[in-house]
Amino acid sequence: MRNGHIATIIPSIFRKVEGVDYKRERIDTPDGDFLDLDWIKNSSKNLVIISHGLEGSSQRPYALGMARHFDLQGWDVLAWNCRSCSGEINRTARFYHHGATEDLKTVVDHVNFENDYQQIWLIGFSMGGSLSIKYLGENGTKTPSNVRGGVAFSIPVSLRSSVDMLSNARVKFYEKRFLKKLEHKVKLKAEKYPDLISYNGFKNIQSFRDFDNAYTAPLHGFIDAEDFYKTVAAGNYMEDTDRPILICNAINDPFLGEACYPYETCKRHKLLYLETPNHGGHVGFSLKSGSYMDARALSFVGKG
């Protein structure tokens, strides 16, 4: 699938993953919300924590495929769901976003409090890759010693670059699809928190930048969309990691602009590994034998 759109859409719609039997655990967050964690336990000392993309969940084919791949190798697996993404709207007015690593930290800290894993690897897709890399970078040497590193596929290293790319008329349909899903959640939130969130005027939201100006920024403490993009972008944090990170961004990814391919940064940093295959689309990477992402993630963490 050399066309980036085909490589993106076909696996998303038609990939079927069988044999994944999650066990759900709900945990509370420090601010009174909840997170739903989906586990596969094999009594292993090795764990992967999987973070999904924007408006995704632990049930997306890419998450299920990665979970099954590591399960078959005897690893424990934890695929967590961002707030509002597990099938039930969250309790608080806030949502989740590309920089909300406080929730990933809550997950990691909970795992380490309840278990004794020798090694934990963070694997993220798109927004989930941003969260994984930002977490490793902003914590640096304070990252728990058993968190060995991360793997990120199709990550918007520069969030502004990705937003600009998705506003292009040729790929606008992706943006519209995401905004339609987000609209439903805004409507539910507005009914519950009318003093904080307004659904009126959502029809005027035509882009991610509109949405982030109207909702993401004010709900999460940013000045505006530009402040949000500048503050949370994973590219701001990746150089501060002291654990190895693999970034795999396909050249034909229709979601990523030029700034999402940080060749020079990764060239000068001994722990940042950037791979840019010509094909793969956005979180596609489909092969006749399965998914390249699953095999590549396992081969990378095997070095840890």
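Residues numbered from 1 in each chain as written. Predicted model: local features only at pLDDT ≥ 70, side-chain atom pairs only at ≥ 80, totals over all residues. Heavy atoms only, no water.

1. Some details on the packing of helix α2 (residues 61-72) against helix α10 (residues 292-301)
And step 1. Relative to each other, α2 and α10 sit at 45°, their axes nearing to 9 Å. Between α2 and α10, the angle is such that the two are oblique. Crossing angle aside, the handedness with which α2 passes α10 is right-handed. Contact residues: α2 offers Y62, G65, M66, H69 and F70, while α10 offers M293, D294, A295, A297, L298 and V301.
And step 2. Its residues assigned to classes, the contact of α2 with α10 shows 8 nonpolar, 2 polar and 1 charged. (Axes fitted to C-alpha atoms, helices over the stretch in contact; angles between N-to-C directions. Helix = DSSP H or I, 4+ residues; strand = E, 2+ residues; numbered from the N terminus. Parallel < 35°, antiparallel > 145°, perpendicular 65-115°, else oblique. Left-handed = near helix turned anticlockwise from the far one by under 90°. Contact = heavy atoms within 4.5 Å. Nonpolar A, V, L, I, M, F, W, Y, C, P; charged D, E, K, R; others polar.)

2. Things to note about the state of the cysteines
And step 1. Tallying each qualifying case throughout the model produces 0 disulfides.
And step 2. Note on C82: no disulfide assigned, nearest cysteine sulfur contributed by C85 at a separation of 5.4 Å.
And step 3. We note that C266 lacks a disulfide partner, and the nearest cysteine sulfur, in C248, lies 12 Å from it. (Disulfide = S-S within 2.5 Å.)

3. Overview of helix α3 (residues 101-114)
An α-helix turns once every 3.6 residues. As a result, residues three or four positions apart point the same way.
And step 1. In this model α3 runs 20 Å from its N-terminal to its C-terminal C-alpha over 14 residues, within 8% of the 20 Å that 1.5 Å per residue would give.
And step 2. Among all positions in α3, only T101, D103, L104, T106, V107, V108, H110 and V111 are buried. (Expected span 1.5 Å × (residues − 1). Buried < 20%, exposed > 50% of the residue type's maximum accessible area, 1.4 Å probe, protein only.)

4. Things to note about the pattern of salt bridges
And step 1. Tallied over the entire structure, the rule returns 24 salt bridges.
And step 2. Taking the shortest distance from any N to any O, the salt bridge between R15 and D294 comes out at 3.0 Å. Of this pair, R15 sits in the loop between α1 (4-14) and β1 (23-28) while D294 is found in helix α10, placing the two residues 279 residues apart along the sequence.
And step 3. For the salt bridge of D109 with K105, the shortest nitrogen-to-oxygen distance reads 2.7 Å. With D109 and K105 both in helix α3, this residue pair falls 4 residues apart, about one helical turn. (Salt bridge = Lys/Arg side-chain N within 4 Å of Asp/Glu carboxyl O.)

5. Considerations on the sheet that holds β1
And step 1. The mixed open sheet is built from 8 strands, whose spatial order is β1-β2-β4-β3-β5-β6-β7-β8. Here the strands that pair on one side only, and so sit at the sheet edges, are β1 and β8 (272-275). Averaged over all adjacent pairs, the angle separating strand axes in this sheet is 20°, with direction ignored.
And step 2. The pairing of strand β3 (residues 46-51) with strand β4 (residues 76-81) spans 5 bridges and is classified as parallel. (Pairing = 2+ DSSP bridges.)

6. Here's the deal with a nonpolar patch on the surface
And step 1. A cluster of nonpolar side chains, namely I6, I10, I13 and F14, defines an oily patch on the protein surface of about 380 Å² accessible area.
And step 2. By the secondary structure assignment, I10 is in helix α1.
And step 3. You can call I10 partly exposed: its relative accessible area is 33%. (Patch = residues over 30% accessible without salt bridge, like charges linked within 9 Å, V, L, I, M, F, W, Y side chains within 5 Å. Areas by Shrake-Rupley, 256 points an atom, 1.4 Å probe, with all protein chains shown as cover.)

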